[in-house]
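Per-entry structural report
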Amino acid sequence: MRSVSIFGATGSIGQNTIDLIARDPEAYDVVALTGARNIKQLAHDARRLKADIAVTAHEELLPDLRAALDGSGVEAAAGAKALDEAAGRPADWVMSAIVGAAGLAPGLRALEQGATLALANKESLVCAGALMLKMAQANKARLLPVDSEHSAVFQALTGEDIASVERIIITASGGAFRDWPIEKLASATLAEASSHPNWDMGQRITIDSASMFNKAMELIETKEFFGVESSSIEALVHPESLIHAMVGFRDGALMAHVGPHDMRHAIGFALHWPMRKELPVERLDLAAIGQLTFRAPCEQRWPALRLAREVMETGGMAGAIFNASKEIALDGFIDGRLRFTEMAGIVEDVLTKLTGESDHINATMTLDNVAQIDHLARIEAQASINKRAG
Ligand code: NDP
Ligand code: MG
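Reading guide: rules and limits
Throughout, residues of each chain are indexed from 1 in the direction in which the sequence is written. Here chains are named by letter from A upward and ligands by number from 1 upward, in the order in which they appear as written. Per-residue local features of the predicted model are confined to residues with pLDDT of at least 70, and side-chain atom pairs are confined, for both listing and counting, to 80 or more; whole-chain, interface and lining totals are unaffected and use all residues. Orientation is described by axes fitted as lines to C-alpha atoms, over the contacting stretch for helices, and by angles from 0 to 180 degrees between their N-to-C directions. Only runs of H or I of at least four residues qualify as helices and only runs of E of at least two qualify as strands under DSSP, and these elements are numbered from the N terminus. Crossing handedness follows the turn of the near helix against the far one: under a right angle anticlockwise gives a left-handed crossing, and clockwise gives a right-handed one. Remark: residues whose backbone-derived C-beta atoms lie within 7 Å of one another are considered to be in contact. Residues are sorted three ways: Asp, Glu, Lys and Arg are charged, Ala, Val, Leu, Ile, Met, Phe, Trp, Tyr, Cys and Pro are nonpolar, and all the rest, Gly among them, are polar. Here, nearness is defined through the C-beta atom: a residue counts as near a molecule or strand if that backbone-placed atom lies within 6 Å of it. In this entry, domain limits derive from an automatic or database-based domain assignment. Residue burial is a threshold on neighbouring C-beta atoms within 10 Å of the residue's own C-beta, all placed from the backbone, with 20 or more meaning buried, 12 or fewer meaning exposed, and counts in between meaning partly exposed. Two strands pair under a simple rule: DSSP has to find at least two bridges between them. Orienting the strands away from the viewer, one traces the path from the first strand over the helix to the second; a clockwise path indicates a right-handed crossover.

1. Observations regarding the packing of helix α2 (residues 39–48) against helix α3 (residues 62–69)
When two helices pack together, their arrangement is captured by the angle between the axes and the distance separating the axes. The geometry of α2 relative to α3 is characterised by a closest axis approach of 9 Å and an angle of 35 degrees between their N-to-C directions. For the element pair α2 and α3, the recorded crossing hand is right-handed. Residues Ile-39, Lys-40, Leu-42, Ala-43 and Ala-46 of α2 lie in contact with α3, whose contacting residues are Asp-64, Leu-65, Ala-68 and Leu-69. Classifying every residue of the contact of α2 with α3 by side-chain character gives seven nonpolar, no polar and two charged.

Below you can see the structure in the form of C-alpha cells.
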C-alpha cells in the first residue's frame, strides 16, 4: 500500500487525482486531503477515502468541517499551521494542486519529509524554482511534473541525455480568444474568458489560458524544471491541443508527445511512475482527427509571452514578482476592476518597478524572502490597479 496526500483535493486536478485513486482503494492509504471553501466535497472525499486528516485553509470554516466529518473518524483541522502540519505528515506520494502561490509552502514541506511530489502547482516553480529543487535534492525527494506540457517533455526525455537537447517546444491551444480580432479583446467579458475550447479546468487557469499568462508561467516552469537556457524554449500555438510538447535534439529529431486532453493522463503518469499502468483516458483516433495544425504565437495578442522572456532573463526573484502581480491582476479582472487587456500592463508596471531595485531581485531565495517579495508585488499591483481606476 502506498501512502498518499492530496493538497487542493477539491479542485479540478485534485478531483481528477481522487478519481484515479478511488478506482483502486486497496492500493492507497490516504493521509491528508486539503481544500479551502468547498467543505462538502472535502468531507465527502475524506470519508470515502478514509483519510487520516482533512484540512481547510480557512480557520472560520473549521466548525463546518468538523460537523461534516462527525462520526467518520477523520480528523478535522483548519488554517495555515494545520496545512503545514498535514504537509509534514509522512506520505510516499503527494499531489500539489493548490492554486496560486499558496501551494509553495506545503509543497516545500512535503519535499522536506522526502515525499515524491507530483507538481501541478506551477506557481511553486515560477516563484521559487531554485528553492524547490534544492529542497528536493537535500532530502532525496523527487519532483514529478503534472502540468501536461511538462509531463510530455519529461516523457520525451526518458532515456535521453539533457545535454543533447537543442530546444523544447510547449504547445498552447490559444485559449478562448485565439481567433478574436485583437481590437475586440479589450471588451472581453469574464464569462467569455472563463470558457476553454479544449480543456476543462479551474476558472483561474482557464482565464490565464485566454491571456496566455498560463503559457508564460509554463515557459518559466520549463526553464526551472529542466534547467535549460531560456533561448531554447519556445511556445507554439496548436489549436487541437493533442501534441502537448516536443523535444528537439541536436541531430534534428523532434520527439512529440500526443495524447487526449484529459489531465488524468499526466496525473496517472506521475502516480505510477516509473511504471506505466492502464489509465481511463480516451484512445485517439488520428484518422478521424485528420489533421494537426500549428501557428506562431503573436506577442501583440499575448504580451504575457514577452514578459515571461524578460522574467527568465532577469532570474532571481523576478518569477515571484511576476506570479504575485499576475494573481492580483487576475483578481482585478475577475472582480471587474480591470479590462482583460489591462492585466499585462499591471504585471509589466510591477516588474519594471521591482526588478529595478537590486536588493529585491538579488535577495537570497528563502521561503521568507519569497513571501516578502510576493507581498510587496501584490501591494504594487494593487496600487497600479488603483492608479488606472482613479
Ligand atoms: P482549482 O481552482 O480547480 O482548485 C484549486 C484548489 O486549491 C482547490 O482545492 C481549492 O479549494 C484550493 N485552494 C484555493 N485557494 C487556496 C488557498 N489560499 N489555500 C489553500 N488551498 C486553496 O484549480 P486547478 O485544479 O485548476 O489548478 C490547481 C493547480 O494546478 C494550479 O496551480 C494550476 O495552475 C495547475 N494546473 C491545473 C490544470 C488543470 O487542468 N486544472 C492543468 C495544469 C496545471 P476549494 O475549491 O475548496 O476552495
Ligand atoms: Mg499546462
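There is more to say, and it comes next.
2. Quick look at the site of ligand 1
Within the structure, ligand 1 sits among 27 residues, and Gly-11, Ala-36, Asn-38, Met-201 and Gly-202 are positioned closest to it. Of all the secondary-structure elements, those providing two or more residues to the shell around ligand 1 are α1 (12–22), α6 (122–138) and α9 (203–211). Of the residues forming the shell around ligand 1, the biggest block, three residues, is contributed by α1. Class assignment for the residues of the shell around ligand 1 results in 13 nonpolar, nine polar and five charged. For the shell around ligand 1, the two domains that each supply at least three residues are domain 1 (2–145) and domain 2 (148–260 + 271–313).

3. Quick look at unusual backbone geometry
Of note, the bond from Trp-273 into Pro-274 is cis; its omega dihedral lies within 30 degrees of zero at 10 degrees. Along the chain, Pro-274 falls in the loop between α11 (264–272) and α12 (286–289). A positive phi angle, close to 50 degrees, is found at Lys-140, a residue other than glycine. The topology assignment puts Lys-140 in the loop between α6 and β7 (142–145). The exposure class assigned to Lys-140 is exposed, which follows from the 8 C-beta atoms found within 10 Å. Residues other than glycine seldom take positive phi values, yet Met-212 does so here, at roughly 70 degrees. Here Met-212 lies in the loop between α9 and α10 (213–226). According to the C-beta neighbour criterion, Met-212 is buried, with 29 such atoms within 10 Å.

4. Structural notes on the pairing of strand β4 (residues 75–78)
Side-chain alternation along β4 places Ala-76 and Ala-78 on a buried face and Glu-75 and Ala-77 on a face that remains uncovered. With four bridges joining them, strand β3 (residues 53–56) and β4 adopt parallel strand pairing. Opposite Ile-53, over in β4, you have Glu-75 as the bridge partner. Between the parallel pair β3 and β4, the chain is carried across by α3, and the sense of this crossover is right-handed.

5. A look at the sheet that holds strand β10 (residues 243–249)
Overall, mixed pairing links the four strands, which are arranged β9-β8-β10-β11 in an open sheet. The open sheet is flanked by β9 (233–237) and β11 (254–258), the only strands paired with a single partner. Along the sheet, successive strands turn relative to each other by an average axial angle of 20 degrees, direction set aside. Bridge analysis of strand β8 (residues 165–172) against β9 gives five bridges, and the strand direction is parallel. Across the sheet, Ile-168 pairs through a bridge with Ile-233, a residue of β9. The strands touched by helix α7 (residues 148–156) within the sheet are β8, β10 and β11, with β10 carrying the most contacts at an inclination of about 40 degrees.

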